[in-house]
Every structure is written in structure tokens, then in C-alpha cells.
Amino acid sequence: MAGQTDPHISLFSPQEVEFMAEDELVEIVPNMNMEQLNFISGDFGRFIPQIPTKVPLWLAVALKRRGKCSFRPPGWMSVDNLTQILEAERESQSTFQALPFSYVEIARLLFDHAHDDIPDKYMVRSLVEDIRDVRLHKLETNLGSFQGTSAVKISNVSAMEVNIVRPFVRRALEAFYKHDKPEADIDRDTRSSRQQREANNEPRRPLRQR
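Residues numbered from 1 in each chain as written. Predicted model: local features only at pLDDT ≥ 70, side-chain atom pairs only at ≥ 80, totals over all residues. Heavy atoms only, no water.

An unreviewed UniProt entry lists the protein chain under the name DNA replication complex GINS protein PSF2, with Camelina sativa as the source organism. As its UniProt record puts it under Sequence similarities (unreviewed entry), the protein chain is described as follows: "Belongs to the GINS2/PSF2 family." Heading Subcellular location (unreviewed entry) of the UniProt record for the protein chain holds this comment: "Nucleus". (UniProt positions renumbered as here; feature names shortened; annotations may be inferred.)

Structure below.
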């Protein structure tokens with residue numbers, strides 16, 4: 001879809017969406033001793049060799065680059081789970097399967113920085129891409145039958161998907177609002193005119209002579 005690359009269509013660029021996803025917690029296995037790290041977003045550690053702990057994705061990537069840890073891929077990234085999700089996505093054209101809000105960005109960062117920690121990495125990458133494509137196609141199809149309303153509710157969409165469809169939905173709602181507004185103005189003017197005529201037709205009191 002164009003919204004994946006065109007900054008004038010998407011609300012945020014792909015890099016900005018990925019930056020926001022870096023606050024997601026992931027599990028790592030340290031290979032060093034390190035005291036607790038204190039950040040504005042929270043305290044993480046202490047780090048003990050071979051003892052799994054959870055840290056923000058950005059910190060996990062930084063430690064991995066320095067050879068200080070390995071990743072434990074999240075459970076949803078297993079081949080069996082992704083295969084089931086893909087089949088369910090293909091079976092239903094109206095519902096979306098539950099996945100982490102930033103599943104696309106998390107998977108991309110793990111493929112870029114910790115591919116050696118992902119079992120069956122090529123199959124996992126293929127499944128994630130297939131799931132993304134199926135879900136985007138469903139979004140396009142569902143929005144193609146979009147009807148005028150004051151709100152739109154789609155469950156289990158991801159950050160990337162929301163980023164793509166939000167500008168379209170906003171423009172569509174604005175168009176429907178503008179289309180409906182003249183009718184509301186005509187009704188308002190009609191009521192006002194009727195009330196004025198009724199007021200003019202009321203019998204008038206005779207003026208009292210001085």
C-alpha cells in the first residue's frame with residue numbers, strides 16, 4: 001500500500017512507528033554481570049549471566065550489538081503460532097487475529113539485529129510478511145465498503161495498519177460530515193422559516209390609545 005512509504009498519506013513515517021515500538025518489552029538472556037540500569041521509563045536489571053530478564057526493545061538491541069546478551073523470541077513468533085494465525089486471517093474477511101500492537105516493527109528489529117536467535121528465521125520472516133499482506137488486503141476491502149458514520153471500530157489492528165488507514169478514515173468521515181451538513185442546514189432554515197411564519201400569523205393585540 002502507498003501509505004507504507006508515502007509520508008503525505010501516512011500519519012507517521014515507518015521510522016517513527018518503529019521508534020515508538022522500541023519501548024515494547026522483550027526477553028533477553030544476559031551473558032554478563034551488570035547492576036540495575038535506571039531510566040526515566042523504568043528500572044531494568046540487575047543482569048546476571050543466563051538469567052532471563054525483560055528490557056525495552058531499544059535496550060535489548062543496544063546490548064545485543066555489544067555482544068552482551070541474546071534474545072528470546074516472543075512466543076507469538078513461533079512457526080506453529082504464525083501458521084495458525086495466517087490460516088485464521090485467510091478464513092475470515094471481517095475479523096483480525098490478536099497480535100502485538102507493534103508486531104511488524106518488533107519482527108523487523110529482531111530480523112535486523114538478532115536473526116541468529118530466531119529458530120526457523122526464514123520461515124518466520126515469510127509467515128510474518130504473509131500475515132501482514134493478508135491483513136492489509138482485508139483492510140483495503142473493508143474500507144472499500146465504508147459507509148457514513150460518526151465512528152469506525154476495527155479490533156486487533158496493529159500500529160502500522162492504524163497508521164495507514166487513519167488518514168483515509170479521517171478524510172472519509174470529513175467528507176460524509178460535509179455531505180450531511182447541507183441537509184442539516186436546510187432543515188434548520190426550514191424550521192426557522194416556519195416558526196417565523198407562525199409568529200407573523202398570530203393575531204396582534206390592538207394598540208392601547210393614549
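So, on to the side chain of Lys138. Tracing the chain through its elements places Lys138 in helix H5 (residues 121–144). Here the side chain of Lys138 touches Ser92 through a polar contact of 2.9 Å, landing on its backbone oxygen. (Helix = DSSP H or I, 4+ residues; strand = E, 2+ residues; numbered from the N terminus. Polar contact = N/O pair within 3.5 Å; in protein donor to acceptor, adjacent residues only side chain to side chain.)

Moving on: the sheet that holds strand S5 (residues 69–72). Strand order in the open sheet formed by three strands is S4-S1-S5, and the pairing between neighbours is antiparallel. Either end of the sheet is taken by a strand with one partner, and the two such strands are strand S4 (53–56) and S5. Going from strand to strand, the sheet's axes swing by 50° on average, the running direction of each strand aside. The pairing of strand S1 (residues 25–30) with S5 spans four bridges and is classified as antiparallel. Among the inter-strand pairings, Glu27 is bridged to a residue of S5, identified as Arg72. Sitting on the sheet, helix H2 (residues 57–65) is in contact with S1, S4 and S5, with an inclination near 135° to S5. (Pairing = 2+ DSSP bridges. Axes fitted to C-alpha atoms, helices over the stretch in contact; angles between N-to-C directions. Contact = heavy atoms within 4.5 Å.)

This next bit is on a nonpolar patch on the surface. A contiguous nonpolar surface patch, about 320 Å² in accessible area, is contributed by Phe12, Phe19 and Met20. Relative to the elements of secondary structure, Phe12 occurs in the segment before helix H1 (14–21). (Patch = residues over 30% accessible without salt bridge, like charges linked within 9 Å, V, L, I, M, F, W, Y side chains within 5 Å. Areas by Shrake-Rupley, 256 points an atom, 1.4 Å probe, with all protein chains shown as cover. Salt bridge = Lys/Arg side-chain N within 4 Å of Asp/Glu carboxyl O.)

Attention now goes to the pairing of S1. Where S1 and S4 come together, four bridges link them in antiparallel fashion. Within S4, the residue paired with Glu27 across the bridge is Lys54.

How two helices sit against one another is set out by the angle between their axes and by the gap between those axes. Interaxial distance between H1 and helix H4 (residues 103–113) falls to 9 Å at its minimum, and their mutual angle equals 85°. When the axis of H1 is compared with that of H4, the two are roughly perpendicular. Contact residues: H1 offers Val17, Glu18 and Ala21, while H4 offers Glu105, Arg108 and Leu109. For the contact of H1 with H4, the per-class residue count stands at three nonpolar, no polar and three charged. (Parallel < 35°, antiparallel > 145°, perpendicular 65-115°, else oblique. Nonpolar A, V, L, I, M, F, W, Y, C, P; charged D, E, K, R; others polar.)

Going from Gly45 to Arg46, the amide bond is cis rather than trans, its omega being 10°. Mapped onto the elements, Arg46 comes out in the loop between strand S3 (42–44) and S4. With phi around 70°, Gln50 is a residue other than glycine that occupies positive phi space. By the secondary structure assignment, Gln50 is in the loop between S3 and S4. Positive phi, close to 50°, is recorded for Asp120, a residue that is not glycine. Tracing the backbone through its elements, the reader meets Asp120 in the loop between H4 and H5.

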